[in-house]
Amino acid sequence: MKQYETFHLIKGEDLNHHGTLFAARAAAWFVEAGFVAAGCVCGTTDGIVCRNLHQMSFQRPVKIGTILRFLARVVYTGKSSFMVAVTAVDTLQEAVCIEGMITFVSTDGRGNKTEHHICLDACAEEEEERQRRWAEEIRRQGMGAGL
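Fair warning: this is a prediction, and the values are worked out from it, not measured in the lab.

Chemist: Break down unusual backbone geometry for me, citing the residues and quoting the values.
Modeler: Phi is positive for Q55, close to 50 degrees, though the residue is something other than glycine. A positive phi is found at H117, a non-glycine position, where the angle reads about 65 degrees. Looking at the secondary structure, you find H117 in the loop between β5 (95-106) and α2 (126-140).

Chemist: Break down the packing of aromatic side chains for me, with residues and values.
Modeler: The final tally for this structure, using the stated rule, is three aromatic pairs. An angle of 55 degrees between the planes, with centres 6.2 Å apart, marks the rings of F35 and F104 as tilted. With F35 in helix α1 (residues 23-42) and F104 in strand β5, this residue pair connects regions lying 69 residues apart in the sequence. Owing to a relative accessible area of 28%, F35 belongs among the partly exposed residues under this scheme. Here F82 and F104 contribute two aromatic rings whose centre-to-centre distance is 6.0 Å and whose plane-to-plane angle is 25 degrees, an arrangement assigned as stacked. Of the two residues, F82 is situated in strand β4 (residues 81-90) and F104 in strand β5; the sequence distance between them amounts to 22 residues. In this structure F82 comes out as buried when scored by relative accessible area, which is 0%. Residue classification places F104 among the buried positions, given a relative accessible area of 0%. One aromatic cluster is present, built from ring pairs that chain together F35, F82 and F104.

Chemist: Talk me through the pattern of salt bridges; I want residue IDs and the actual numbers.
Modeler: All told, the structure shown has twelve salt bridges when counted by the stated rule. Of the charged contacts, one joins R69 and E5 as a salt bridge, the two residues approaching to 3.7 Å between their closest N and O atoms. Taken together, the positions of R69 in strand β3 (residues 67-77) and E5 in strand β1 (residues 4-9) put the pair 64 residues apart, joining distant regions of the chain. Taking relative accessible area as the criterion, R69 reaches 13% and is therefore assigned buried. Put simply, D108 and R110 hold a salt bridge, and the shortest N to O gap is 3.3 Å.

Chemist: Outline the pairing of β4, listing residues and values.
Modeler: The element β4 is extensively covered by neighbouring structure, given that ten of its ten residues are classed as buried. Relative to β4, β3 runs antiparallel, the two being bridged by nine bridges. Note that in β4 the partner of R69 across the bridge is V89. Two successive antiparallel strands, β3 and β4, enclose a turn made up of three residues. Between β4 and β5, which pair antiparallel in sequence order, lie four residues; one of them, E94, sits at a positive phi of approximately 55 degrees.

Chemist: Give me the sheet that holds β4: which residues, what numbers.
Modeler: In a beta sheet, neighbouring strands pair by backbone hydrogen bonds and run either parallel or antiparallel. Spatially, β1-β3-β4-β5-β2 is the arrangement adopted by the five strands of the open sheet, whose pairing is antiparallel. Either end of the sheet is taken by a strand with one partner, and the two such strands are β1 and β2 (48-58). With strand direction ignored, the average angle separating the axes of adjacent strands in the sheet is 25 degrees. Examined bridge by bridge, β4 and β5 share ten bridges and lie antiparallel to one another.

Rules behind the numbers
- Residues numbered from 1 in each chain as written.
- Predicted model: local features only at pLDDT ≥ 70, side-chain atom pairs only at ≥ 80, totals over all residues.
- Heavy atoms only, no water.
- Helix = DSSP H or I, 4+ residues; strand = E, 2+ residues; numbered from the N terminus.
- Phe/Tyr/Trp six-rings, centres within 6.5 Å; stacked < 30°, edge-to-face > 60°.
- Buried < 20%, exposed > 50% of the residue type's maximum accessible area, 1.4 Å probe, protein only.
- Salt bridge = Lys/Arg side-chain N within 4 Å of Asp/Glu carboxyl O.
- Pairing = 2+ DSSP bridges.
- Axes fitted to C-alpha atoms, helices over the stretch in contact; angles between N-to-C directions.

Set out below in structure tokens:
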């Protein structure tokens, strides 16, 4: 599947008391990046809701001045639910800083699940295959219940 990119410059107001990226700010950007991919793949943002944030994990501290590139793509589909893998990379260092998964659900706007009709294409690279296996594992462990 196509990978979608968003960028954020880390500024002073994005930091926690340790001088690194505040986790809540990172989580907001993380979900936003996943939502961009979800909306682009679905062709609309109407009725798409975030159901679950899975295993968002910091791989390294993120400091002021870092330009984070969020890469997001759909890696698993159910009937109404789908999972988006999100990775945040330090653009200048090319180092992975944050990664995780998000489950989104397609609804009719009144809270009723609807089919999204997303079809996964063949994996284009090894990283995409790894992300799909990770999504399957999350689902098997019950963290993606309802998919």
